[in-house]
2 protein chains.
Amino acid sequence: MKIGILGTSMVGQAISGKLAELGHDVMVGTRDVAKTLAHTEPHPYGFPAFSVWQKEHASVKLGTFADAAKHGEVVFNATNGTGSLEALKLAGESNINGKVLVDIANPLDFSQGNPPSLSVSNTDSLGEQIQRAYPNVKVVKTLNTVTAFLMVNPGLVGNADHTLFVCGNDTEAKAQVTEWLKGWFGWKDVIDLGDITNARGTEMLLPIWIRLWGALQTGMFNFKVVR
Amino acid sequence: MKIGILGTSMVGQAISGKLAELGHDVMVGTRDVAKTLAHTEPHPYGFPAFSVWQKEHASVKLGTFADAAKHGEVVFNATNGTGSLEALKLAGESNINGKVLVDIANPLDFSQGNPPSLSVSNTDSLGEQIQRAYPNVKVVKTLNTVTAFLMVNPGLVGNADHTLFVCGNDTEAKAQVTEWLKGWFGWKDVIDLGDITNARGTEMLLPIWIRLWGALQTGMFNFKVVR
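Let me sum up the structure you'll find in this document. These figures come from a predicted structure and were not determined experimentally.

Conventions adopted
- Residues numbered from 1 in each chain as written.
- Chains lettered and ligands numbered in written order.
- Predicted model: local features only at pLDDT ≥ 70, side-chain atom pairs only at ≥ 80, totals over all residues.
- Contact = placed C-beta atoms within 7 Å.
- Helix = DSSP H or I, 4+ residues; strand = E, 2+ residues; numbered from the N terminus.
- Nonpolar A, V, L, I, M, F, W, Y, C, P; charged D, E, K, R; others polar.
- Pairing = 2+ DSSP bridges.
- Axes fitted to C-alpha atoms, helices over the stretch in contact; angles between N-to-C directions.
- Buried ≥ 20, exposed ≤ 12 C-beta atoms within 10 Å, placed from the backbone.
- Least-squares fit on C-alpha atoms with pLDDT ≥ 70 in both.
- Core = buried A, V, L, I, M, F, W, Y, C linked by C-beta atoms within 7 Å.
- Parallel < 35°, antiparallel > 145°, perpendicular 65-115°, else oblique.
- Left-handed = near helix turned anticlockwise from the far one by under 90°.

**Some thoughts on the interface of chain B and chain A**
Alright, step 1. Counting from both sides, the interface comprises 34 residues of chain B and, opposite them, 34 residues of chain A.
Alright, step 2. Elements supplying a minimum of two residues to the side of chain B that touches chain A: strand E7 (117–118), strand E10 (189–194), helix H10 (199–203), helix H11 (206–216) and strand E11 (222–226) of chain B.
Alright, step 3. Sorting elements by how many residues they give to the side of chain B that touches chain A places H11(B) first, with six residues.
Alright, step 4. Of the residues in the side of chain B that touches chain A, the class split is 16 nonpolar, 12 polar and six charged.
Alright, step 5. Pairing between strand E11 (residues 222–226) of chain A and E11(B): five bridges, direction antiparallel. Its bridge partner being in E11(B), A:Lys224 is matched across the sheet by B:Lys224.

Set out below in structure tokens:
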């Protein structure tokens, strides 16, 4: 399957690496290809520069946001949440219209320091902002509540006995994404919260996620909804 | 132990009932004792009016917010979050100063309908507002992320194999509350998130909690932090 991933950072690398490994035809999109390729230093969080990472994942192509969006039958938004609307603008509405957009981004605002607040929350969400801006795109919000490596390999923690959430306005798109989450990545417990306004709920999990990351000294954890 | 519980609603009933059962000397506080006793109809959510409930829990005393706060060596804030600051004002600073205040309240704002938003969030929290208003009170935020019956009986779901959070500025108070949570109520996994600013994290769990309540058609669930 042809898949476009917007974003070259840790989430983009994790998702595109896993999908390429599964044999999909993956193109990652970035704002400025030359600039992305020029970076070689590891990110402060420890993951490699895309240019270095790509050497080990030669089948993953790199293009502009527009190239990757056009390439994908499905598109993943793995950009920083505060830059997502700008990235999607560069991707181009005509390149994403009618497609499923898996929105993984979180609107983390580090401008006032750490821990970050959310740049949109409570009475709105990034997922809703994206859906409003692109009414013909099938936005499915998911995966934003776990760290990158867990997204594509939930078995790394507690035998994958923990929970993922999906929400979105298009029922078929959600069912399709849920099938991918289970089949491609190995998720077992996926709860459908309803329409895209429920992105408020999953994005507002981030403040406690970040605090748990600090308290546990690791991002390798996830919430299980015990019921 | 002498314990004061502010709030006669479902949470106040659950906490005070359990503590009385354990043999503690419990007084519940309300704004207007005569008015509270005059109510006999069940609440729309299904729990009984306090006056009816009290007949089965005769050892639980009822007084004003000030009476209950004065009575308690420790005080529980089980009021509605949007009314908590007002309730504490009526309780009286001199009646709570120096004491541990277990803050269970959530700032749920139903004014725009259901699901509610939060009246304070993201860059502040109710826990912080209370701590700022009463700097000599040892505010410990906890229990606000589960439904009332689970608070005092976590074994009702998944053999109590799920997680509770505490936060607050006073380390000793947090350790004491954690001991009570385990000893009185049966909590097994209690994570200390740090100071009271972490109440932003636990209060911002409510938006997804409420949505899960809708999706699962029950409030009898809790988050387990799988790590």
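Don't stop here, the text continues.
**Regarding the sheet that holds strand E10 (residues 189–192) of chain A**
All names here are of chain A.
Alright, step 1. Strand order in the open sheet formed by eight strands is E3-E2-E1-E4-E5-E8-E9-E10, with mixed pairing between adjacent strands. Either end of the sheet is taken by a strand with one partner, and the two such strands are strand E3 (61–64) and E10. The mean angle between the axes of side-by-side strands here comes to 25°, regardless of whether they run parallel or antiparallel.
Alright, step 2. With five bridges connecting them, strand E1 (residues 2–6) and strand E2 (residues 25–30) associate as parallel partners. Bridging across to E2, Leu 6 finds its partner in Gly 29.
Alright, step 3. Where helix H1 (residues 10–21) meets the sheet, it contacts E1, E2 and strand E4 (74–77), and its direction lies at approximately 165° from that of E2.

**Here's the deal with helix H11 (residues 206–216) of chain A**
Alright, step 1. Listed in full, the buried residues belonging to H11(A) are A:Leu206, A:Pro207, A:Ile208, A:Trp209, A:Arg211 and A:Leu212.
Alright, step 2. Where H11(A) is buried, its residues contact strand E6 (108–109), strand E7 (117–118) and helix H10 (199–203) of chain A together with E10, H10 and E11 of chain B.
Alright, step 3. In the segment just after H11(A), A:Gln217 is the residue with positive phi, at about 60°.

**Observations concerning the relation of the copies chain B and chain A**
Alright, step 1. In the superposition of chain B on chain A (RMSD 0.0 Å, axial shift 0.0 Å), the rotation amounts to 180°. Here the symmetry operator amounts to a two-fold rotation axis. By C-alpha distance to the rotation axis, the residue of chain B lying nearest is B:Lys224, at 2.5 Å.
Alright, step 2. An overlap of 100% is found between the interface residues of chain B and their copies at the interface of chain A, pointing to a shared contact surface.

**Observations regarding the sheet that holds strand E2 (residues 25–30) of chain B**
Residues and elements named next belong to chain B.
Alright, step 1. Here eight strands make up an open sheet; going across it, the order is E3-E2-E1-E4-E5-E8-E9-E10 and the pairing mixed. Two strands lie at the open edges of the sheet, namely strand E3 (61–64) and E10, each paired on one side alone. Pairs of neighbouring strands in the sheet enclose a mean axial angle of 25°, with direction left out of account.
Alright, step 2. Looking at chain direction, strand E9 (residues 163–168) and E10 are connected through five bridges and run parallel. Paired with Leu 164 across the bridge in E10 is Val 190.

**Re the nonpolar core**
Alright, step 1. Ranked by size, the top nonpolar core spans 126 residues in total, and within it A:Leu6 and B:Leu6 carry the most contacts.
Alright, step 2. If near-sequence neighbours (up to four positions away) are discounted, A:Leu6 is found in contact with A:Gly29, A:Phe65, A:Ala68, A:Ala69, A:Val75, A:Phe76, A:Asn77, A:Ala78, A:Thr79, A:Ala87 and A:Ala91.

**Quick notes on the packing of helix H5 (residues 84–91) of chain B against helix H7 (residues 126–133) of chain B**
All names here are of chain B.
Alright, step 1. Close contact between H5 and H7 brings their axes to 10 Å; oriented N to C, the two are set at 25°. Regarding the angle of H5 to H7, the classification is roughly parallel. Remark: the crossing between H5 and H7 carries right-handed chirality. Across the interface between the two elements, Ser 84, Leu 85 and Leu 88 from H5 touch Leu 126, Gln 129, Ile 130 and Ala 133 from H7.
Alright, step 2. The residue makeup of the contact of H5 with H7, split by class, is five nonpolar, two polar and no charged.

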